Amino acid sequence: MNTEKVTARRLTAEEVSGLGSQDGIFVSAGMSGLPLDCYAPAFLTGPGKNFEGGSFAARTVFGEEIHVLPDNAEEGGIWIADKAGEEIEVLQSAGVLLNLALFVPGGNKESLESLYSAARDAFGAGVVQRWSEEAVAVPDVKVDLYEEPARARKNTNSQNRDRRAMDIYPTRVRFLEPSEGWKFIVEPHKEIVDDTPTI
C-alpha cells in the first residue's frame, strides 16, 4: 500500500461547516466496504455551510463517497493539512485504472492476444490485467454524432447543432455522455465534400 506521512489536524464540525467544496481534506480511507487504517485525500460534496445536521458527505479522490461525523470520537473524522498538527498516513494514488473499449478491425483471438502482450510489454506483466472481457462483433461502419439542446423549440432549424465527434464508431457512443442540458443525435456518416472551386 503506497502511503505518505502528512502533518494535519482534526477539524470540529463548526470548522468543517466553514469549508467549501474546493478545500482539500483528508478522511478515513475505505474502498467498497474495505476499511483501511489510513486516510485518503477528499473534498466535501457540497459547501460545509449547507450542513443541516447529521453527517458531512465527502468524496475521496478514488471516487468513494463517505459520511462523517467530525466530532464522533469513534470515527476517523475530517482532517486538514496543518504544519502545527500531527502526522497521519495518507493513501496515495499510485496509478490510473483504465476501462478500455477497443475496436479491432477483423478482430480475432490472435489479434487480441497480441494487443494484450504489447500492453504487458509496455507497462509490465504485473501491471496490466484483464478483469473482464467482452468480445462483441460490431459492424465496421461510422456515424456522425451531434449534440442538440434537450428541449429544443419546435419548427426551428438545426443551426444549434454542435458536432461533438466525427467518424465515430457506433459502439463508442454508449461510452460517452452528452453535455448537461443536451442530447445526442446519431446519424449515418456523411463524407464532407468541399465544393470550393479551385484554380
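In this report, the structure presented in the accompanying data block is examined.

Rules of the game
Residues numbered from 1 in each chain as written. Predicted model: local features only at pLDDT ≥ 70, side-chain atom pairs only at ≥ 80, totals over all residues. Heavy atoms only, no water. Helix = DSSP H or I, 4+ residues; strand = E, 2+ residues; numbered from the N terminus. Buried < 20%, exposed > 50% of the residue type's maximum accessible area, 1.4 Å probe, protein only. Contact = heavy atoms within 4.5 Å. Areas by Shrake-Rupley, 256 points an atom, 1.4 Å probe, with all protein chains shown as cover. Core = buried A, V, L, I, M, F, W, Y, C linked by side-chain atoms within 4.5 Å. Salt bridge = Lys/Arg side-chain N within 4 Å of Asp/Glu carboxyl O. Polar contact = N/O pair within 3.5 Å; in protein donor to acceptor, adjacent residues only side chain to side chain. Expected span 1.5 Å × (residues − 1). Patch = residues over 30% accessible without salt bridge, like charges linked within 9 Å, V, L, I, M, F, W, Y side chains within 5 Å.

As a further point, take the overall build of the protein. Secondary structure summary: the protein contains 3 helices and 10 strands in total. Evaluated residue by residue, the protein yields a buried proportion of 21% over its 199 residues. For the protein, the share of sequence-separated contacts (at least 6 apart) that also reach a separation of at least 24 residues comes to 59%. When the accessible surface of the protein is totalled, it reaches about 14600 Å², and 50% of it is carbon and sulfur.

The next thing to look at is the nonpolar core. Counting residues in each nonpolar core, the largest one holds 13 residues, and the members touching the most others are Val16, Ile25, Val27, Leu44 and Ile78. Mapped by element, the contributors of at least two residues to this core are helix H1 (13-16), strand S2 (25-31), strand S3 (34-44), strand S4 (56-60) and strand S5 (65-68). Apart from the residues lying within four places of it in its own chain, the contact partners of Ile78 are Arg9, Arg10, Leu11, Val16, Ile25, Phe26, Val27, Leu44, Phe56, Val68 and Pro70. Among the nonpolar cores identified, the runner-up in size contains 7 residues, and Val6, Ala8, Trp79 and Ile88 belong to it.

What follows concerns the pattern of salt bridges. Note on pairing: side chains with opposite charge can pair once their charged atoms come close. Applying the stated criterion to the full structure yields 4 salt bridges. Measuring nitrogen to oxygen at the nearest pair gives 2.7 Å for the salt bridge that ties Arg9 to Asp82. Taken together, the residues Arg9 in strand S1 (residues 3-10) and Asp82 in the loop between strand S6 (78-81) and strand S7 (86-91) connect sequence positions 73 residues apart. The exposure class assigned to Arg9 is partly exposed, which follows from its relative accessible area of 32%. For Asp82, a relative accessible area of 23% corresponds to the partly exposed category. Between Glu65 and Arg59 there is a salt bridge whose closest N-O contact spans 2.7 Å.

Turning to the side chain of Glu147, a few remarks are in order. One can find Glu147 in strand S8 (residues 143-149). Owing to a relative accessible area of 3%, Glu147 belongs among the buried residues under this scheme. At a separation of 2.8 Å, a polar atom in the side chain of Glu147 contacts the main-chain amide nitrogen of Ser179.

Attention shifts here to helix H2 (residues 109-123). Since there are 3.6 residues in each turn of an α-helix, residues three or four apart along the chain are aligned in direction. In a regular helix each residue adds 1.5 Å, so 15 residues correspond to 21 Å; H2 covers 21 Å between its end C-alpha atoms and thus fits that length. One or two positions beyond H2, positive phi appears at Gly124, with a value near 110 degrees.

Turning next to the environment of Arg161. Checked against the element boundaries, Arg161 lands in the loop between S8 and strand S9 (162-168). Residues Arg161 and Phe184, spaced 23 residues apart in sequence, show a C-alpha to C-alpha distance of 9.9 Å. With residues up to four places along the chain from it excluded, the contact list for Arg161 reads Tyr146, Glu147, Glu148, Ile185 and Glu187.

Attention now goes to the environment of Gly24. By the element assignment, Gly24 lies in the loop between H1 and S2. Gly24 sits in the partly exposed class, given a relative accessible area of 39%. Between the C-alpha atom of Gly24 and that of Ala81, which follows or precedes it by 57 residues, the distance is 8.2 Å. What Gly24 contacts, discounting residues up to four positions off in sequence, is Ala42, Phe43 and Ile80.

Examined against the element boundaries, Asn160 turns out to sit in the loop between S8 and S9. Linking Asn160 and Glu147, residues 13 residues apart in sequence, is a C-alpha distance of 8.6 Å. Excluding residues within four positions of it along the chain, Asn160 makes contact with Glu147, Pro149 and Trp182.

Right, let's talk about a nonpolar patch on the surface for a bit. Judged by side-chain polarity, Val96, Leu98, Leu100, Leu102, Leu112 and Leu115 come together as a nonpolar surface patch covering roughly 630 Å² of accessible area. Here Leu102 is to be found in the loop between S7 and H2. Given a relative accessible area of 57%, Leu102 falls into the exposed group.

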